[in-house]
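Single-letter residue listing:
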Amino acid sequence: MDEMDEELKCPVCGSFFREPIILPCSHNICLACARNILVQTPDAESPQSSRASGSGVSDYDYLDLDKMSLYSEADSGYGSYGGFVSAPTTPCQKSPNGVRVFPPAVPQPPPQHHLLQHPGSLPPIPRNSCITCPQCHRSLILDDRGLRGFPKNRVLEGVVDRYQQSKAAALKCQLCEKSPKEATVMCEQCDVFYCDPCRLRCHPPRGPLAKHRLVPPAQGRISRRTSPRKISTCTEHELENLSMYCVQCKMPVCYQCLEEGKHGTHEVKALGAMWKLHKGQLSQALNILSDRATEAKEFLVQLRNMVQHIQENGVEFEACLVAQCDALIDALNRRKAQLLSRVNNEHEHKLKVVRDQISHCTVKLRQTTGLMEYCLEVIKENDPSGFLQISDALIRRVHMTEGQWGKGTLTPRMTSDFDLTLDSSPLLQTIHQLDFVQMKVAWFTFDPASAHPDIIFSNDNLTVTCNSYDDRVVMGNCSFSRGVHYWEMTVDRYDNHPDPAFGVARGDVLKDVMLGKDDKAWAMTDGGIGKGSTVGVLLDFTRGILIFLINDEQQGPVAFEALEGQYFPAISLNRNVQVTLHTGLPIPDFYTPGEADPTGSVC
């Protein structure tokens, strides 16, 4: 009953209703709060004079129309208060419920000494008083009856009373001899509150007592304290009871209203009959609303499950992304090692060539230097005949040695530069283009939360079978609404021609019939598959089509067209089939998709 709490609170004071009255707009307000938000129009200026002043349609125009208990259709919000000349700057306040309300614009006049007032009665309402509903902001000028012209909401008052009683101190067991314990149940037939020990001892669930109805203590207290039906009196004829119902005005009336008032020519019906009729209508409306509330609760469960799935999938996707990036980094590091190896080989080759040339040149230079020194010593000799004996040979050796230092001998065989230029621009461009555009290749599993209870899961929800001979539906935990998507299913077991169906489905597809038997699924049945067959499903939202493949061969042209909305991968199968799902696959080579938005998956 806690959800009903706000229904029982006044929009002005924020507390539980006390002496609630019903405004013509069907909203409720405490009688005392109604007096607090009354606004008095000035006596010096009438609606007619405002209209005659040429100021156009003002709040007075609407208030003038409201004198016959018609409220203004010019919903101008809270601005209607600002239109009163007597209080143009009346500050607004905010009630505990968040509704803005206004204090009285004019102090209440003291009661006349010559008027007799009943002790505790309210002072009279000033002339030209106006009240504006704090919820829908419709204005109404009160007639001579003032707030007494509004009917009291006795039903709401009774509900508030019972609700407050149910929230009182805990009820005690009526059969405990010493220190009564808190009651846990009440027997509606015995009209007794029991604690658990006394219920087991004094009210066993057998014999005649087995048919007694036990209810929670709070519910029992409400049913016990339900007051008898109250007879309401007419607001216009206070001595007359309300006994009829005006169908045209949709309000209870008395006999005097029918004889003297405006309801004389209206269609009326017996109050009790209309009471039962409206109770039946309210019960029917409540049944429909209850169904909506049940659907809302199921939807909230679905949303909460989605929160959990989003968290789990977020962690899984983040781990997958990190693994993919780490794999790219590992590949780059491996390539880096290969390139460094090439650089090292080039480095060693250059050093070897240069060092060999240094060694060769060093030996040759040492031989040349030795020959030069020897020739200089020979020239120093003073023996002409001896000199001439060896001079020809020395001259030939000098020319031959000098020829060995010919062209290219003193040129380096290797440059110091490395003729290796790393072209990293394509890789950098690819890295910059690396994005989640690859989301069109989606990873998903079968979803136990939405599957029929007869479905059996294994292999981390990638493999499914069934424990029933009837067809049962299971969907993926990822839905698609845009882009191009492809997945495959391999048939692990196929006994006695089980006739499985493969395709896509909406979230509200029937789970206990073959896929495609209702208007919430599009599927291919059997199609000549067997054990070991691979069924491919290609869903292209850019063209709105669905294509099936068996063992990489397309089955006909296009299976279904004009697909729009949100779809889940789905299959139906019985206990004679076992299927394993394969996702994250690229689009088949034979297919060329159109321009797509590849981010249309929700996992």
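Let us look at the structure shown here. Since we're looking at a predicted model, the values are computed, not measured.

Right, let's talk about the overall build of the chain for a bit. Looking only at helices and strands, the chain features eleven helices and 26 strands. Burial analysis of the chain (603 residues in total) assigns 33% to the buried set. Considering only intrachain contacts with a sequence separation of at least 6, the fraction spanning at least 24 residues in the chain is 62%. Accessible area for the chain stands at about 37,900 Å²; split by element, carbon and sulfur atoms hold 55% of it.

Describing an aromatic ring pair means giving the distance of the ring centres and the angle of the ring planes. Scanning the model with the defined rule gives seven aromatic pairs in all. Plain terms: the ring middles of phenylalanine 480 and tryptophan 487 are 5.8 Å apart, the flat faces sit at 20° to each other, and that makes the pair stacked. Per residue, the accessibility class of phenylalanine 480 equals that of tryptophan 487, and both read buried. Geometrically, the ring pair formed by phenylalanine 541 and tyrosine 567 is tilted, given 5.9 Å between the ring centres and 35° between the ring planes. Of this pair, phenylalanine 541 sits in the loop between strand E21 (534–540) and strand E22 (545–550) while tyrosine 567 sits in the loop between strand E23 (553–554) and strand E24 (568–573); the two residues are 26 residues apart in sequence, bridging distant segments of the chain. On the accessibility criterion, phenylalanine 541 (14% relative accessible area) is buried. By relative accessible area, tyrosine 567 is classed as buried at 1%. Of the aromatic side chains, those joined through ring pairs into one cluster are Phe444, Phe480 and Trp487. When the ring centre of tyrosine 469 is taken as origin, the NZ or CZ atom of arginine 575, which lies over that ring, is 4.7 Å away.

For the rest of this paragraph, the subject is the side chain of threonine 583. By the secondary structure assignment, threonine 583 is in the loop between strand E25 (577–582) and strand E26 (601–602). Of the polar contacts made by the side chain of threonine 583, one reaches the backbone nitrogen of phenylalanine 444; its length is 3.3 Å. Ignoring any residue separated from it by four or fewer positions in sequence, one finds threonine 583 in contact with Ala442, Trp443, Phe444 and Trp487.

Another point: the packing of helix H9 (residues 271–380) against helix H10 (residues 384–404). Direction vectors running N to C along H9 and H10 enclose 155°, while the axes themselves pass 11 Å from each other. Between H9 and H10, the crossing angle belongs to the class labelled roughly antiparallel. Between H9 and H10 lies a crossing of left-handed hand. Residue-level inspection shows Lys364, Thr368, Leu371, Tyr374, Cys375, Val378 and Ile379 of H9 in contact with H10, the latter providing Phe387, Ile390, Leu394, Arg397, Val398, Thr401 and Gln404. The class makeup of the residues in the contact of H9 with H10 is nine nonpolar, three polar and two charged.

Conventions adopted
- In this convention, every chain numbers its residues from 1, walking through the sequence in written order.
- A pLDDT threshold of at least 70 governs which residues receive local features in this predicted model, and a stricter bar of 80 or more applies before side-chain atom pairs are shown or counted, although totals over entire chains, interfaces and linings include all residues.
- Hydrogen atoms and water are omitted, and side-chain values are computed over all heavy atoms in the structure.
- In this description a helix means any DSSP run of H or I spanning at least four residues, a strand means any run of E spanning at least two, and both kinds are numbered starting from the N terminus.
- Remark: exposure states derive from per-residue accessible area (1.4 Å probe, protein chains only) relative to the maximum for the residue type, with buried under 20%, exposed over 50%, and partly exposed in between.
- Residues count as neighbours in contact if any of their non-hydrogen atoms are within 4.5 Å of one another.
- In short, Shrake-Rupley with a 1.4 Å probe defines the accessible areas, and a residue's cover is counted only from the protein chains shown.
- Between the rings of Phe, Tyr and Trp (Trp by its six-membered ring), a pair exists once the centres lie within 6.5 Å; its type follows the angle of the planes, with under 30 degrees stacked, over 60 edge-to-face, and the other angles tilted.
- Our definition puts a charge over a ring when NZ of Lys or CZ of Arg is within 6 Å of the ring centre and also within 35 degrees of the ring normal.
- Distance and chemistry together define a polar contact, namely a pair of N or O atoms within 3.5 Å, with one atom able to donate a hydrogen and the other to accept it when in protein, and with adjacent residues in sequence counting only for side-chain atoms on both sides.
- Fitting a line to C-alpha atoms yields each axis, with helices limited to the stretch in contact; the angle taken between N-to-C directions then spans 0 to 180 degrees.
- When an angle is under 35 degrees it counts as roughly parallel; over 145 it counts as roughly antiparallel; between 65 and 115 it counts as roughly perpendicular; any other value is oblique.
- The handedness criterion is simple: a crossing whose near helix is rotated anticlockwise from the far helix by less than a right angle is left-handed, and one whose near helix is rotated clockwise is right-handed.
- Only Asp, Glu, Lys and Arg are considered charged in this grouping, and only Ala, Val, Leu, Ile, Met, Phe, Trp, Tyr, Cys and Pro are considered nonpolar; every other residue, Gly among them, is considered polar.

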